[in-house]
Amino acid sequence: SYITLMAAKKVIIIGAGVGGSAVAARLSQQGFDVTVVEKNSFSGGRCSLIYDEDGHRFDRGPSLYLMPKVFEETFKDLGENINDWLELKQCNPNYKVHFHDDEIVELSCDLAQMKTQIEKYEGAPGYSRFLDFVKESHYHYESAVNMVLRRNFESIWDLLTPSNALEGIRLHVIDKVYSRACRFFWTDRLRRAFTFQSMYMGMSPFDAPATYNLLQYTELAEGIWYPIGGFNKVVQSLEAIAKKNGAKFRYSCPVKSIDVDSPSSSKTKGVTLESGEKIEADIVVCNADLIYAYGNLLPKSPYASRLSEKNLTSSSISFYWSMKQVVPELDAHNIFLAEKYQESFDDIFKRYQLPTEPSFYVNVPSRMDPSAAPEGRDTIVVLVPVGYINPKVEQNFPEMIK
């Protein structure tokens, strides 16, 4: 309970990524004595920045700022106005989807533009079906936010209730993203343009629950945005708010272990750093990856072993290119889809390989923010999804890349 937490004042947070910084801001605002320990010399984790010697800036991880209302609510909860911290610029169009035959579909928040795009391939009835798709994905979005994001399931029984089961049916959790899209889009081209978004979560549209077409909804209804200065600006803002409330951030402090009373105990005493220093705490919040945390920071357990055997989401190979010129053919967000669409996903998720003909994503942050590249040049990030490193499967990534 909140009263119990307030009695335990000292908190250690492992990791200064988005999650760790947000928790630090919230807890410090509520009066907790917060210390964040981060293994790197910089903040952000996967949401950090890369600079080259010529002045090109790359976002290491996220490149799509979605669900802006959730960010606004976070800053409001902290007693802040998000506009005092971030300068956001909306992408228009959201992105260009490139097909193998050089056809391009532009997805946008502008319904007039979308009407033109949809009717080009499916006529006037196609636009009506598109609006039906938006209506269903709107329900998925609103229900999932209220049912999942705003609730804490402390046990499996909090989740497995008759009302949740009924809502799960309405959310089409048993159906798949691609098969559900086929009900609304009758051409192969538009089915692909409205299903690849499941890869944001490292999931194939042929396997991901249809609930996740909520991603397409937030893009169409709320837009895709870019924080000027890069996505790390979000983390920097949360860290500054946390520090204003008294939180301390310690960098270059990798954690060796989370200290508990006994191997079978769930009560923590604090953490031990790689340097040997021990930091006592009443609460430890671990923002490291789940499998890493259980396998390396906590005492060995059967649960940790089971986690290590589970299938993972896809991995990726990223290329960071400092261009000597502007590439006008590219927008801020560009998707290139393979001709053999399903086969490319099967290569990633069933064979754990780099697809023979990969789909890939090209991000040009300098299209939204000129400070991301020197004048007259572009900064480009190319992300190619690939199967995760699986010791049970023969993989030769250097050979795949050739």
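Everything quoted here is computed from the prediction, not taken from an experiment.

Now for the pattern of salt bridges. Per the counting criterion, the structure on display carries 22 salt bridges. Ionic pairing is found between Arg 129 and Glu 122, a salt bridge with its closest N-O pair at 2.8 Å. One exposure class covers both Arg 129 and Glu 122, and it is buried. For Lys 278, the salt bridge goes to Asp 259, with nearest N and O atoms at 3.9 Å. Highlighted residues: Lys 278 in strand 12 (residues 278-280) and Asp 259 in strand 10 (residues 255-260), separated in sequence by 19 residues. According to the relative accessible area criterion, Lys 278 is exposed, its value standing at 60%. Each of Lys 10, Asp 33 and Lys 248 takes part in salt bridges that share partners, so that together they form one network.

The N-to-C vectors of helix 4 (residues 111-149) and helix 9 (residues 214-222) enclose an angle of 110 degrees; their axes lie 8 Å apart at closest approach. Judged by the angle between their axes, helix 4 and helix 9 are roughly perpendicular. Only Leu 214, Gln 216, Tyr 217, Thr 218, Leu 220 and Glu 222 of helix 9 make contact with helix 4, whose side of the interface consists of Met 114, Phe 130, Phe 133, Val 134, Ser 137, His 138, His 140, Tyr 141 and Ala 144. Within the contact of helix 4 with helix 9, the residues separate by chemical class into nine nonpolar, five polar and one charged.

Residues Asn 92 and Pro 93 are joined by a peptide bond in cis, for which omega reads 0 degrees. Structurally, Pro 93 can be placed in the loop between strand 5 (88-90) and strand 6 (95-98). Located in the positive-phi region is Tyr 352, a residue other than glycine, with phi close to 55 degrees. Tracing the chain through its elements places Tyr 352 in the loop between helix 13 (341-349) and strand 16 (360-363).

Across the sheet, six strands lie side by side as 7-6-15-16-17-14; this open sheet has mixed pairing. Edge positions in the sheet fall to strand 7 (104-107) and strand 14 (315-322), since each has one partner strand and no second. Strand after strand, the sheet turns through a mean of 20 degrees between neighbouring axes, direction not considered. Across three bridges, strand 16 lies against strand 17 (residues 379-386) in antiparallel orientation. In the strand pairing of strand 17, Asn 363 is matched with Val 381.

A cluster of nonpolar side chains, contributed by Ile 156, Trp 157, Leu 159 and Leu 160, occupies part of the molecular surface with about 450 Å² of accessible area. Note on placement: Trp 157 falls in helix 5 (residues 156-159). The class for Trp 157 is exposed, based on a relative accessible area of 63%.

All right, on to the packing of aromatic side chains then. Using the criterion set out here, one finds 21 aromatic pairs in the structure. On the numbers, 4.9 Å between centres and 80 degrees between planes, the contact of Tyr 294 with Tyr 303 is edge-to-face. You can call Tyr 294 partly exposed: its relative accessible area is 26%. A residue is classified by how much of its surface remains accessible, and Tyr 303, at 35% relative accessible area, is partly exposed. Residues Tyr 341 and Phe 345 carry aromatic rings whose centres are separated by 5.0 Å and whose planes lie at 90 degrees to one another, so their mutual orientation is edge-to-face. Here Tyr 341 pairs with Phe 345, and both are found in helix 13, just four residues apart, close to one helical turn. In terms of burial, Tyr 341 and Phe 345 fall into one category: buried. These aromatic residues form a ring-pair network of at least three members: Tyr 127, Phe 130, Phe 133, Phe 184, Phe 185 and Phe 194. One cation-aromatic arrangement involves Lys 115 over Tyr 127; the distance from NZ or CZ to the ring centre is 5.8 Å. The residue whose ring lies beneath Arg 189 is Phe 99, and the NZ or CZ to ring-centre distance is 4.9 Å.

How each quantity is defined
- Residues numbered from 1 in each chain as written.
- Predicted model: local features only at pLDDT ≥ 70, side-chain atom pairs only at ≥ 80, totals over all residues.
- Heavy atoms only, no water.
- Salt bridge = Lys/Arg side-chain N within 4 Å of Asp/Glu carboxyl O.
- Buried < 20%, exposed > 50% of the residue type's maximum accessible area, 1.4 Å probe, protein only.
- Helix = DSSP H or I, 4+ residues; strand = E, 2+ residues; numbered from the N terminus.
- Axes fitted to C-alpha atoms, helices over the stretch in contact; angles between N-to-C directions.
- Parallel < 35°, antiparallel > 145°, perpendicular 65-115°, else oblique.
- Contact = heavy atoms within 4.5 Å.
- Nonpolar A, V, L, I, M, F, W, Y, C, P; charged D, E, K, R; others polar.
- Pairing = 2+ DSSP bridges.
- Patch = residues over 30% accessible without salt bridge, like charges linked within 9 Å, V, L, I, M, F, W, Y side chains within 5 Å.
- Areas by Shrake-Rupley, 256 points an atom, 1.4 Å probe, with all protein chains shown as cover.
- Phe/Tyr/Trp six-rings, centres within 6.5 Å; stacked < 30°, edge-to-face > 60°.
- Lys NZ or Arg CZ within 6 Å of the ring centre and 35° of its normal.

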